[in-house]
Amino acid sequence: MPIKISLPDGSAKLYDQPVSALRVAEDISPRLAEAALCAELEGALVDLEHIIDHDAKLVLHTFKTETGKDIYWHSTAHLMAQAVKQLFPEVKVTIGPAIEQGFYYDFDRDKPFTEEELEQIEERMAFLAKQNLPYARKEISKAEAMEVFAKMGEDYKLEILGEIPDTDVISTYTQGDFIDLCRGPHLPHTGKIKAIKLLKSSGAYWRGDEKNKMLQRIYGISFPSLKELDQYLEFLKQAALRDHRKLGKDLDLFSINEDIGPGLVLWHPNGAMIRHLIETYWKEEHLRRGYKLVYTPHVGRANLWETSGHLGFYKENMYAAMDVEGADYYIKPMNCPFHIAIYNSNLHSYRELPIRLGELGTVYRYERSGVLHGLMRVRGFTQDDAHIICTPDQLNDEVEKLIVFSLDMLKHFGFREFLIYLSTMPDEAVGDPADWDTATQSLRASLEKIGLEYQVDAGGGAFYGPKIDIKIKDALGRAWQCSTIQFDFNEPTRFNMHYIGADNAQHRPFMVHRAILGSVERFFATLLEYHSGNLPHWLAPVQMMILPITEAQLPYARKLEEDFRLKGLRCEVDSRSEKIGYKIRDAELKKIPFMCVIGKKEEESGTLTLRQHTVGDLGAMSFEDVLSRVLSDS
RNA sequence: GCUCAAGUAGCUCAGCAGGUAGAGCACCUCCUUGGUAAGGAGGAGGUCAUCGGUUCGAGUCCGAUCUUGAGCUCCA
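Bear in mind the structure is a predicted one, so any value in this text is a computation, not a measurement. Each chain carries its own residue numbering, running from 1 in the direction its sequence is written. Key to labels: chains lettered from A, ligands numbered from 1, both in the order written. Only residues with pLDDT of 70 or above have their local features reported here, since the model is predicted, and side-chain atom pairs are shown and tallied only from 80 upward, although totals for entire chains, interfaces and linings are computed over all residues. Where side-chain values are given, they derive from all heavy atoms of the structure, hydrogens and water being excluded.

Moving on, we come to the layout of surface pockets. Here the largest pocket defines a volume of roughly 970 Å³. Using only the protein atoms, space was sampled on a 1 Å grid; points where a 1.4 Å probe fits but cannot get out form cavities, open sets with protein on both sides within 12 Å along at least five of seven lines form pockets, and lining residues are those with an atom within 4 Å of a point. In terms of lining, the largest pocket is formed by 32 residues, of which the most central are Tyr314, Met334, Arg365, Lys467 and Gln486. Among the elements of the structure, β23 (380–390), β26 (467–473), β27 (479–488) and β30 (510–519) are those that each provide at least two residues to the lining of the largest pocket. Going along the chain from the N terminus, every DSSP run of H or I of four or more residues is numbered as a helix, and every run of E of two or more is numbered as a strand. For the lining of the largest pocket, the leading source of residues is β30, giving five residues. Classifying every residue of the lining of the largest pocket gives 11 nonpolar, 11 polar and 10 charged. Grid points are joined across faces, edges and corners, and a volume is the space filled by probe spheres set on the points. Gly is put with the polar residues, along with every residue not named as nonpolar or charged; the nonpolar set is Ala, Val, Leu, Ile, Met, Phe, Trp, Tyr, Cys and Pro, and the charged set is Asp, Glu, Lys and Arg.

Right, let's talk about the pattern of salt bridges for a bit. Here a salt bridge means any side-chain nitrogen of Lys or Arg lying within 4 Å of a carboxyl oxygen belonging to Asp or Glu. Under the defined criterion, the tally for this structure stands at 36 salt bridges. Where Lys92 meets Asp155, a salt bridge forms, and the shortest distance between an N and an O atom there is 2.8 Å. Of this pair, Lys92 sits in strand β8 (residues 92–93) while Asp155 sits in helix α6 (residues 155–162), and the two are 63 residues apart along the sequence. Accessibility expressed as a relative area gives 26% for Lys92, which makes it partly exposed. Taking the shortest distance from any N to any O, the salt bridge between Glu285 and Arg288 comes out at 3.2 Å. Pair noted here: Glu285 and Arg288 are both in helix α9 (residues 269–288), with a separation of three residues, about one helical turn. Accessibility here uses a 1.4 Å probe with only protein chains present; expressed as a share of the type maximum, an area under 20% marks a residue as buried, one over 50% as exposed, and anything in between as partly exposed.

On to a negative patch on the surface, then. A patch consists of residues exposed above 30% relative accessible area that lack any salt bridge, with like charges linked at up to 9 Å and nonpolar side chains (Val, Leu, Ile, Met, Phe, Trp, Tyr) linked at up to 5 Å. With residues, only the protein chains shown are counted as cover, and all accessible areas are computed by Shrake-Rupley using a 1.4 Å probe. For the purpose of counting charges, residues Lys and Arg are taken to be positive, whereas Asp and Glu are taken to be negative. His and the chain ends are not included. In plain terms, the charge of a residue is placed at NZ if it is Lys, CZ if Arg, CG if Asp and CD if Glu. Together, Glu115, Glu116, Glu119 and Glu123 give the surface a local cluster of negative charge. Position of Glu119 among the secondary structure elements: in helix α4 (residues 115–130).

Two numbers describe how helix α3 (residues 66–87) lies on α4: the axes approach to 9 Å, and their chain directions differ by 115°. Considered as vectors, α3 and α4 are oriented roughly perpendicular to each other. Considering how the two elements wind past one another, α3 and α4 form a crossing that is right-handed. Contacts from Thr76, Leu79, Met80, Gln82, Ala83, Val84, Gln86 and Leu87 of α3 reach α4 at Gln120, Ile121, Arg124, Met125, Leu128 and Ala129. Classifying every residue of the contact of α3 with α4 gives nine nonpolar, four polar and one charged. To get an axis, fit a line to the C-alpha atoms, keeping to the stretch in contact for a helix; angles then go from 0 to 180 degrees between the N-to-C directions. Angles are sorted into four bins: roughly parallel if under 35 degrees, roughly antiparallel if over 145, roughly perpendicular if 65 to 115, and oblique for all others. Two helices cross in a left-handed way if the nearer one is turned anticlockwise from the farther one by less than a right angle. They cross in a right-handed way if the turn is clockwise. Whether two residues are in contact is decided by their heavy atoms, any of which lying within 4.5 Å being enough.

Mapped onto the secondary structure, Glu234 falls in helix α7 (residues 226–242). Residues adjacent in sequence count toward polar contacts only when both atoms are side-chain atoms; beyond that, a polar contact is any pair of N or O atoms within 3.5 Å, and within protein one must be able to donate a hydrogen and the other to accept it. A polar atom in the side chain of Glu234 sits 2.8 Å from the side chain of Gln238.

Moving on: the packing of α9 against helix α16 (residues 520–530). Relative orientation of the contacting elements α9 and α16 amounts to 105°, with a least axis distance of 11 Å. Classified by the angle their axes make, α9 and α16 are roughly perpendicular. Facing Gly271, Ile274, Arg275, Ile278 and Glu279 of α9, the residues of α16 in contact are Val520, Glu521, Phe523, Phe524 and Leu527. Residues that form the contact of α9 with α16 fall into these classes: six nonpolar, one polar and three charged.

Between 30 and 60 degrees the pair is tilted, below 30 it is stacked and above 60 it is edge-to-face, where a pair is any two Phe, Tyr or Trp rings, Trp via its six-membered ring, whose centres lie within 6.5 Å. The tally for this structure, following the rule as stated, stands at 28 aromatic pairs. Taking the centre distance of 5.8 Å and the plane angle of 75° together, the rings of Phe107 and Phe113 count as edge-to-face. The buried category is assigned to Phe113, whose relative accessible area is 5%. One aromatic cluster is present, formed by Phe63, Tyr72, Trp73, Phe223, Tyr232 and Phe235 through successive ring pairs. A cation over a ring is seen here: Lys69 above Phe63, with NZ or CZ 5.4 Å from the ring centre. Any Lys NZ or Arg CZ found within 6 Å of a ring centre and within 35 degrees of that ring's normal is scored as a charge over the ring. Sitting over the face of the ring of Trp267, Arg275 holds its NZ or CZ atom 4.9 Å from the ring centroid.

Only strands joined by at least two bridges in the DSSP assignment are considered to pair. What the three strands build is an open sheet, ordered β19-β21-β20; its pairing is antiparallel. In this open sheet, the two edge strands, each paired with only one partner strand, are β19 (299–301) and β20 (322–324). For this sheet, the mean angle separating the axes of adjacent strands, direction not counted, is 40°. Across three bridges, the pairing between β20 and strand β21 (residues 327–331) is antiparallel. Of the residues in β21, the one forming a bridge with Asp323 is Asp328.

The next subject is the protein's contact with RNA strand B. The local shell around RNA strand B holds 56 residues, among which Ser369, Arg377, Gln481, Ile549 and Arg585 are the closest. Counted by atom, the contact set of RNA strand B within 4 Å of the protein is 51% sugar and phosphate. For RNA strand B, a base nitrogen lies 3.3 Å from a polar atom in the side chain of Ser519. Within the backbone of Lys600, an N or O atom sits 3.2 Å from a base oxygen of RNA strand B. Looking at the surface near RNA strand B, the elements that each hand over two or more residues are β14 (195–205), β15 (214–223), α8 (244–250), β27, β30, α18 (580–589), α19 (600–605) and β34 (608–612). At six residues, the largest contribution of residues to the surface near RNA strand B is made by α18. Taken together, the residues of the surface near RNA strand B break down into 17 nonpolar, 15 polar and 24 charged. Summary of the distance rule: residues count as near a molecule or strand when at least one heavy atom falls within 4 Å of that molecule or strand.

Here it is as structure tokens:
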């Protein structure tokens, strides 16, 4: 009875006796056999050496698939551990997984690895790679494994082994003189690893717990060719140029001042203009969708925060109380208690619901000094916050509208790729688990109805309710949370919120917290990085620079400036006594979307010559043409 | 908060066998009035993050503090 191996393209191969995955690859094409890194058999990942002895679906992974990259980098991590053990035998190995871009391995060592040592390790890795050492899998019992790693003094491996059930089969992978506890699979041999770069080293706690010992982590990346490595290093270089902290300085958008305090942002005129444009658009969109805008204070009495539960659940993120005539006041870390107070200031009928209260509310949270990062992570920031108070049967509809609203708004700013997460009940939570389940299902149903791909973050919800988060990526591909839609079981009860139902009885409303941009600061940073500072022209602080060729055109330039401004265009005149090339260069570096060159010709013919940032000369056109072109949204 | 690294003019950086600071750009003045990414000359600008120590003498060595960066942990 032949063995039938089904392939992803729908075809199949028949074999009379068991074959290795590699053999199947060879039979498909020699090139595939060369490129193949590991195999997936009926959804389970296995080595290429794995012998297939029954009918099965087979997928071969190369460096082109995520799984292929994963295996490739994981094997490189093992190679790094081998090199480190050879060079520094006293070091203990711990764990070394593949990550989104590369891999790391944590080592227990007294002192950090220096740059020179990283180079040494990198060289040793290249040397070992060239030897084509096979990654040999071996399955042993837990007892045997304990003995092997105890003999080597690898305490961390023993700790990991200790948590594996006694009956499980343990696998080890050995390449050359290095043996590691590992589930696998791995590359067939080290020779597949052609280009290696160790990027940085830093401290990392064992198992990510700051109570544990700090280990030395080395990050690296590898590729099947030098060309791909060079491309990646070039990408890192380009990403650094798009860093919002650099752009913020270059374009004079914002600063953070040591004397004022870390994590506290100063918005310069150009940055403030962009923020104003974002916020104006935000307000208009919210009014269009039935939101009511509110304003609330920055501080509130201790009693308020006790009622809300923040002093119980959120105190470590709040700043110390300030004394006002003997009463404690806290600066707000969230806006919700204030919005609830507005709701509670009146009696509400079910006919009024849903009520949607929105505010660009500035909050202050204590963040540990080590986590601050440009505008991405600060101590004072403005949330585009809103609270939706609705009846239980309005919930699904509201959540759905919210998801659509969020995506629409993010798309309007140019974003196209989103990571969506559904976060469920954490260990420490308030509310009835049955309610949690209902709300979580509602969030899930909305996501599925709209047809969005999402990941479940089990236990990642807030203490007060489950949530949907939408993240967007920065220049380096790091994801930052923007939109968040959070269900709240906590505060409606604590603040005794209610509405009068059709039955003339009091009912508890449902409440949803939500932010679309997240924080204006973080959103602004991701926006800058996404567009490399070349903002869509509706967001540019200066949309057009008027450049007179000589001082003789200055009066005409001033007149145009005024005319354009009256039409709602943000423009300025570069009146310096410099050559046109110099003024163009300057406007280009400032990433101003349009330049309007005014010379003798233009003044006499009444036309304008337009130039677009990064595009170049667009030729002569009329005042109206320039206007419509510059004011268009795209 | 933890580990490591760094902090010199508005910006980017040089200076480090310890002998009281330098470049380019930006800025100001003057000359030049020039058609699509830098015209020329001159000038001004720094208690070398802060505080303390070692030394005849410290940007340079040591310590503490503050801030920044890369991670860890945590989050909008």
